[in-house]
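Structural features, examined
What follows is each chain in one-letter form.
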Amino acid sequence: MQHTISVLVENEFGVLSRVSALFSGRGFNIDSLTVAPTNDEGMSRMTIVTRGDENILEQITKQLNKLIDIIKVIDFTDGSGIEREMALIKVSAEDESRAEVLRIVDIFRAKIIDVTPRSYTIEATGSPVKIDGILDLLRPLGLKELVRTGAVAIGRGAKGWKG
């Protein structure tokens, strides 16, 4: 099962290294990892997507909480969070496929951010499932290049750092 974990950390040198070492040292894989400062300059938020059963998630959470620079760990796997991802997608745009690419972009509320005579570059934002969906439709038309940010997550309503 896939798990999305949000980790509030002190914005200190080496924190990312210690967290990634914790995962690799115990044989846990990280599917995606994003890190950025929060509204408090002294803290950063890590969003980690990983896979495993409930026992593995419990081990990860316990190990993360043991690290000195970790302030709080929240598991958003239960649907209590809003998860988004961004993708930059370069696709072929030959005469016969241009209209179809534009229809797909419109359906997914994505944006064309660059146009050349032979390609479109698309910006798509949404849940990881939505990003997978647009990619499934664009692949047969000639996917040339893909960059995904990885997931970011925030708690719904009162669930969060102070909730």
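Structural data are supplied above this passage.
A short tour of the structure in this document, coming up. (Residues numbered from 1 in each chain as written. Predicted model: local features only at pLDDT ≥ 70, side-chain atom pairs only at ≥ 80, totals over all residues. Heavy atoms only, no water.)

Pairs of packed helices are described in terms of their axes, by the angle between the two and the distance that separates them. Contact pair helix 3 (residues 98–107) / helix 4 (residues 128–142): the axes reach a minimum separation of 10 Å and the direction vectors enclose 175°. Of the possible angle classes, the one that applies to helix 3 and helix 4 is roughly antiparallel. The segment helix 3 lies against helix 4, with Glu 100, Val 101 and Ile 104 engaging Ile 134, Leu 137, Leu 138 and Leu 141. Here the residues of the contact of helix 3 with helix 4 sort into six nonpolar, no polar and one charged. (Axes fitted to C-alpha atoms, helices over the stretch in contact; angles between N-to-C directions. Helix = DSSP H or I, 4+ residues; strand = E, 2+ residues; numbered from the N terminus. Parallel < 35°, antiparallel > 145°, perpendicular 65-115°, else oblique. Contact = heavy atoms within 4.5 Å. Nonpolar A, V, L, I, M, F, W, Y, C, P; charged D, E, K, R; others polar.)

Backbone hydrogen bonds are what pair the strands of a sheet, in a parallel or an antiparallel way. Taking strand neighbours across the sheet as the criterion, the four strands line up as 2-3-1-4 in an open arrangement whose pairing is antiparallel. Unpaired on one side and paired on the other, strand 2 (30–37) and strand 4 (70–75) mark the two borders of the sheet. Each neighbouring strand pair of the sheet contributes to a mean axis angle of 15°, computed without reference to strand direction. Pairing of strand 2 with strand 3 (residues 43–51), which is carried by seven bridges, proceeds in the antiparallel orientation. (Pairing = 2+ DSSP bridges.)

It is worth spelling out the pattern of salt bridges at this point. Once their charged atoms are close, side chains differing in charge can pair, the charge on each being opposite to the other. For the coordinates displayed, the defined rule picks out nine salt bridges. In this structure, the salt-bridge partner of Arg 51 is Asp 31, at a minimum N-O distance of 2.9 Å. Remark: Asp 31 occurs in strand 2 and Arg 51 occurs in strand 3; sequence separation between them is 20 residues. A salt bridge links Glu 145 to Lys 90; the shortest N-O distance between them is 3.7 Å. Highlighted residues: Glu 145 in strand 8 (residues 143–148) and Lys 90 in strand 5 (residues 81–92), separated in sequence by 55 residues. Counted as one network, the salt bridges with shared partners bring together Glu 85, Asp 132 and Arg 148. (Salt bridge = Lys/Arg side-chain N within 4 Å of Asp/Glu carboxyl O.)

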